[in-house]
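Topology and contacts: notes
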Amino acid sequence: MAVSRRGELISRPSNQPSFVRFYNISAKTVSIEWIDFTGDPKKYQSLRPMEGVDVKTYVHHIFVAYEQHTRYPMVFRHPRESGSEDLEEEVFFPRRSLLYADNGQQYISRRIDIKTPVRTLKQLCLFCVHTTLESKEIVNSLDLPPLLKLDINKLYINQQNHYQKIIYNNKKKKIVGRR
């Protein structure tokens, strides 16, 4: 994984192949984005519900996924190497693909599910309010506590600034902001 000095996610060049099959198991259309070598998100592919795409990528290349319409983060679900409980992360870091060499070289592709993350009741309520409002300007006129108005406004900011560099907290394994 590559994180710049400022905490931004960046992909690094690699010649170690990783073959994955991204599969959207959510009920929403998702946008898969590759984080390039400067930390800028680049749209890679959109997937409708229950649709998948085979991808040849490389170790140290980084992917994120969002619900296409609202830009809410999705999670990647993939098996741990040790075989225990599956990992669910907002950022996908490809691992080197296994090589099957019976009658020549053939790499084994990993299935990586994209799904809606488990969210708190507060997050779900904020998302619901955010998606039903006609515009950002209405937020401050709502009869809500100031902190909730701030949280709803942050959803608008994240939606507008989705092409900024992503700030990642490695300890928490979460996206913590944009710059």
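Here is a short report on the structure shown in this document. (Residues numbered from 1 in each chain as written. Predicted model: local features only at pLDDT ≥ 70, side-chain atom pairs only at ≥ 80, totals over all residues. Heavy atoms only, no water.)

Considerations on the pattern of salt bridges
Applicable threshold: Basic side-chain nitrogens of Lys or Arg form a salt bridge, by our definition, when they fall within 4 Å of a carboxyl oxygen of Asp or Glu. Segments assigned H or I by DSSP are reported as helices when at least four residues long, segments assigned E as strands when at least two residues long, and all are numbered from the N terminus. When a residue's accessible area, from a 1.4 Å probe over protein chains only, is under 20% of the maximum for its type it is buried; when over 50% it is exposed; and in between it is partly exposed.
For the structure shown, the criterion picks out 8 salt bridges. The residue Asp 54 makes a salt bridge to Arg 21 at a minimum N-O spacing of 3.8 Å. Here Arg 21 lies in strand β1 (residues 17-24) and Asp 54 lies in strand β4 (residues 52-58), a separation of 33 residues in the sequence. Asp 54 gets classed as exposed once you look at its relative accessible area, which sits at 55%. Here Arg 21 falls in the partly exposed class, since its relative accessible area comes to 31%. Its salt-bridge partner being Arg 71, residue Glu 33 comes within 2.8 Å of it at the nearest N-O pair. A residue pair is termed long-range when its members are at least 10 positions apart, and Glu 33 in strand β2 (residues 30-35) and Arg 71 in the loop between β5 (62-67) and β6 (75-78) qualify at 38 residues. Across the pair, exposure class does not vary: Glu 33 and Arg 71 are buried alike.

Regarding unusual backbone geometry
Phi is mostly negative for residues that are not glycine, and the peptide bonds are mostly trans. Not every positive phi belongs to a glycine, and Met 50 is a case in point at roughly 65°. Inspection of the secondary structure assignment puts Met 50 in the loop between β3 (41-47) and β4. Among the residues examined, Met 50 registers a relative accessible area of 51% and is labelled exposed. The phi torsion at Arg 71 lies on the positive side, around 70°, for a residue other than glycine.

Looking at the sheet that holds strand β8 (residues 91-92)
Test applied: Strands pair, by our definition, only if DSSP identifies at least two bridges between them.
With respect to topology, 4 strands assemble into an open sheet ordered β3-β2-β5-β8, the strand pairing being antiparallel. The open sheet has two edge strands, β3 and β8, and neither has a second partner. Pairing of β2 with β5, which is carried by 6 bridges, proceeds in the antiparallel orientation. Bridge pairing in β5 places Val 30 opposite Glu 67.

Remarks on the packing of aromatic side chains
What counts, and what does not: Side-chain rings of Phe, Tyr and Trp (the six-membered ring for Trp) are treated as a pair once their centres are within 6.5 Å; stacked means planes under 30 degrees apart, edge-to-face means over 60, and tilted covers the remaining angles. Lysine and arginine charges are scored as sitting over a ring when NZ or CZ, respectively, is within 6 Å of the ring centre and within 35 degrees of the ring normal.
Throughout the structure, instances matching the rule amount to 6 aromatic pairs. A centroid spacing of 5.3 Å and a plane angle of 85° characterise the contact between Trp 34 and Phe 37, whose relative ring orientation is edge-to-face. Following the ring pairs from residue to residue traces out a cluster consisting of Phe 22, Tyr 44, Phe 63, Phe 76 and Phe 92. The positively charged end of Arg 71 is found above the aromatic ring belonging to Tyr 66, 4.2 Å away from the centroid.

Thoughts on the side chain of Arg 110
The following threshold applies: In protein, a polar contact requires one atom able to donate a hydrogen and another able to accept it; more generally it is a pair of N or O atoms within 3.5 Å, and residues adjacent in sequence count only if both atoms are side-chain atoms.
Looking at the secondary structure, you find Arg 110 in strand β11 (residues 110-115). Of note is the side chain of Arg 110, whose polar atom sits 3.3 Å from the backbone oxygen of Arg 95.

Thoughts on the environment of Ser 31
As a reminder, the rule being used: It only takes one pair of heavy atoms within 4.5 Å for two residues to be counted as in contact.
Along the chain, Ser 31 turns up in strand β2. The sequence separation of Ser 31 and Glu 67 amounts to 36 residues, and the corresponding C-alpha distance is 6.3 Å. Non-local contacts of Ser 31, meaning those with residues more than four positions away in its chain, are made with Lys 43, Gln 45, Ser 46, Val 64, Ala 65, Tyr 66, Gln 68 and Arg 71.

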